[in-house]
Amino acid sequence: MSNERTIIKTKVGIVGGGPAGLMLSHMLGQAGIENIVVEARDHQSISNTHRAGILEAQAVSMLVDSGVDGRVLSEGDVHSGIDLRFNGESHPLDFTDLVDATVTLYAQNEVFIDLAAARARDGGDVRYLCEVTELMDLETDTPKFRFTNAEDEAFEVHCDILIGADGSRSFCRRQIPDTNRQDFTVTYPFAWFGILTEAPKSAPELIYANSPHGFALISQRSETVQRMYFQCHPGENVHDWSEDRIWTELQARVDGPDNFTLKTGKIFDKTVLKFRSFVREPLSHGRLFLIGDAGHTVPPTGAKGLNLAFADVKVLFEALDSYYSTSNDALLHAYSDTALKRVWKAQNFSYWMTSMLHTPVDADPFMAKRALGELETVTSSRYGQQYLAESYTGWPHA
Ligand SMILES: Cc1cc2nc3c(=O)[nH]c(=O)nc-3n(C[C@H](O)[C@H](O)[C@H](O)COP(=O)(O)OP(=O)(O)OC[C@H]3O[C@@H](n4cnc5c(N)ncnc54)[C@H](O)[C@@H]3O)c2cc1C
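What you see is a predicted model; the values in this text were computed from it and never measured. (Residues numbered from 1 in each chain as written. Predicted model: local features only at pLDDT ≥ 70, side-chain atom pairs only at ≥ 80, totals over all residues. Heavy atoms only, no water.)

**Quick look at the sheet that holds strand 4 (residues 54-56)**
- Across the sheet, 3 strands lie side by side as 4-8-5; this open sheet has antiparallel pairing. Each edge of the open sheet carries a strand with a single partner, namely strand 4 and strand 5 (77-79). In this sheet, neighbouring strand axes are inclined to one another by 35° on average, regardless of whether the strands run parallel or antiparallel.
- Pairing of strand 5 with strand 8 (residues 103-105) involves 3 bridges; the strand directions are antiparallel. Bridge assignment links histidine 79 to a residue of strand 8, and that residue is valine 103. (Pairing = 2+ DSSP bridges. Helix = DSSP H or I, 4+ residues; strand = E, 2+ residues; numbered from the N terminus. Axes fitted to C-alpha atoms, helices over the stretch in contact; angles between N-to-C directions.)

This is how it looks when you write it as structure tokens:
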């Protein structure tokens, strides 16, 4: 690497080109606010990473109304409910009937592909394969960060506002002094064993199953590819699991007197997903603002991670738009408090769904029975169903 460091001056510097960083960059670009996104990974590997899949209607609107792409409407799969299965019986929840809302199944890698294409189409400055290794001057009017590209050329970005959109292991978050922050964390004694399989859908809606063998989620990707998870030990090794063993385990978790049978196929992806609940407060420090998983993570049971990232983007975009059009930074100062209200609602919902549907292996039998009592309470009451449906489909954006 040469000693020369190229200086880039811009208004908003964004670290991380996941859905949060790219969505914010796109909205700023639409509003004429100059910005740069610096992303450690390459386009191809992010496009091939399978993660979230459920979008709230408001997240869909953000993609469509802001002019990213309408593909989510033509290729996304609208779901008007889920199936809560316990004691071997199915309990369908109809979101349209309960709260007049739906969700859309559209994989996170497709969201990334659309956002990346929109930034390229609109001339956005997105640098892939560039890892940010240093943040400076966060408490001044010109925060800065440094990165090196794949050709070993060094850059320093000078901006007005620095955004940490760098995911759950956030480098940006770690640059905030200990004295100015508080972290809230819950770790869980279980994880999810996730598979992708070439199989048809097993049922019209997603199935969230509580069983004496543990939790299972029978999710979907398309007509021919399905996503499924079962609760496992966090230290589980995917290589110890043959296809037969996986299908036996998954089937045991949805077995019931109705003889419901999973549709099986070739498994082409296996992964163990450890999860935790985490919130950093506040979500800002000086001129650094955290969005998405950099500021908070939720267990995936409530399907809230990506949606929460988009909700942060909406709040922060409005604050930045107001700041650049009126020089008033009141909304920027309010960003953390405003965003955290929704974050804690989502944390509560994700924790609630997780504890109701999972039973730790060594749980007191009382707790397993209590969870069944809770599922019975929720499914036998319209108010209970509505609470779940409203939270799952998403509260109105701030
Ligand atoms: C298996 C799985 C299933 C999930 N299911 C759901 C679901 O159904 N619904 C839902 O809403 N959410 C779900 N989530 C959560 C969702 O994927 C995340 O909440 C979402 O990715 C958050 O987006 P983000 O942009 O904040 O972070 P990320 O997507 O993690 O993006 C952060 C980016 O920053 C980059 N980066 C990191 N450090 C640096 C650095 N130093 N310099 C430059 N770049 C850097 C990373 O490479 C990454 O691309 C799931 C997650 C997983 C893992």
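**A word on the packing of helix 10 (residues 365-380) against helix 11 (residues 382-393)**
- Relative to each other, helix 10 and helix 11 sit at 95°, their axes nearing to 4 Å. In terms of orientation, helix 10 lies roughly perpendicular with respect to helix 11. The segment helix 10 lies against helix 11, with Val378, Thr379 and Ser380 engaging Arg382, Gly384, Gln385 and Leu388.
- Within the contact of helix 10 with helix 11, the residues separate by chemical class into 2 nonpolar, 4 polar and 1 charged. (Parallel < 35°, antiparallel > 145°, perpendicular 65-115°, else oblique. Contact = heavy atoms within 4.5 Å. Nonpolar A, V, L, I, M, F, W, Y, C, P; charged D, E, K, R; others polar.)

**What to know about the sheet that holds strand 21 (residues 296-297)**
- In space, the 8 strands of this open sheet follow the order 7-6-15-16-17-14-18-21, with mixed pairing throughout. Unpaired on one side and paired on the other, strand 7 (89-94) and strand 21 mark the two borders of the sheet.
- When strand 6 (residues 81-86) meets strand 15 (residues 206-209), the two strands line up parallel, connected through 4 bridges. Within the sheet, the bridge partner assigned to aspartate 83 lies in strand 15 and is isoleucine 207.
- The strands touched by helix 9 (residues 330-357) are strand 6, strand 14 (182-198), strand 15, strand 18 (266-281) and strand 21; relative to strand 18, the strand with the most contacts, the crossing angle is about 130°.
- Along the sheet, helix 10 makes contact with strand 6 and strand 7, crossing strand 6 at roughly 140°.

**Quick look at the site of the ligand**
- Near the ligand lie 30 residues; those nearest to it are Glu39, Gln108, Val132, Asp293 and Leu306.
- In the model, an oxygen atom of the ligand is placed 3.3 Å from a nitrogen or oxygen of the proline 19 main chain.
- Asparagine 307 places a main-chain nitrogen or oxygen 3.5 Å from an oxygen atom of the ligand.
- Within the complex, 88% of the 1000 Å² of free accessible area of the ligand lies under protein.
- Taken together, the elements giving at least two residues each to the shell around the ligand come down to helix 1 (19-30), strand 10 (131-136) and helix 8 (305-326).
- Considering every element that reaches the shell around the ligand, the biggest residue donor is helix 8, with 3 residues. (Near = heavy atom within 4 Å. Polar contact = N/O pair within 3.5 Å; in protein donor to acceptor, adjacent residues only side chain to side chain. Areas by Shrake-Rupley, 256 points an atom, 1.4 Å probe, with all protein chains shown as cover.)

**Remarks on the pattern of salt bridges**
- Using the criterion set out here, one finds 22 salt bridges in the structure.
- A salt bridge links aspartate 293 to arginine 51; the shortest N-O distance between them is 3.8 Å. Of this pair, aspartate 293 sits in the loop between strand 20 (288-290) and strand 21 while arginine 51 sits in the loop between helix 2 (43-47) and strand 4, placing them 242 residues apart in sequence.
- Residues participating in the shared-partner salt-bridge network are Arg71, Glu75, Glu110 and Asp114. (Salt bridge = Lys/Arg side-chain N within 4 Å of Asp/Glu carboxyl O.)

Note that all results are geometric; they support no functional claim without further evidence.
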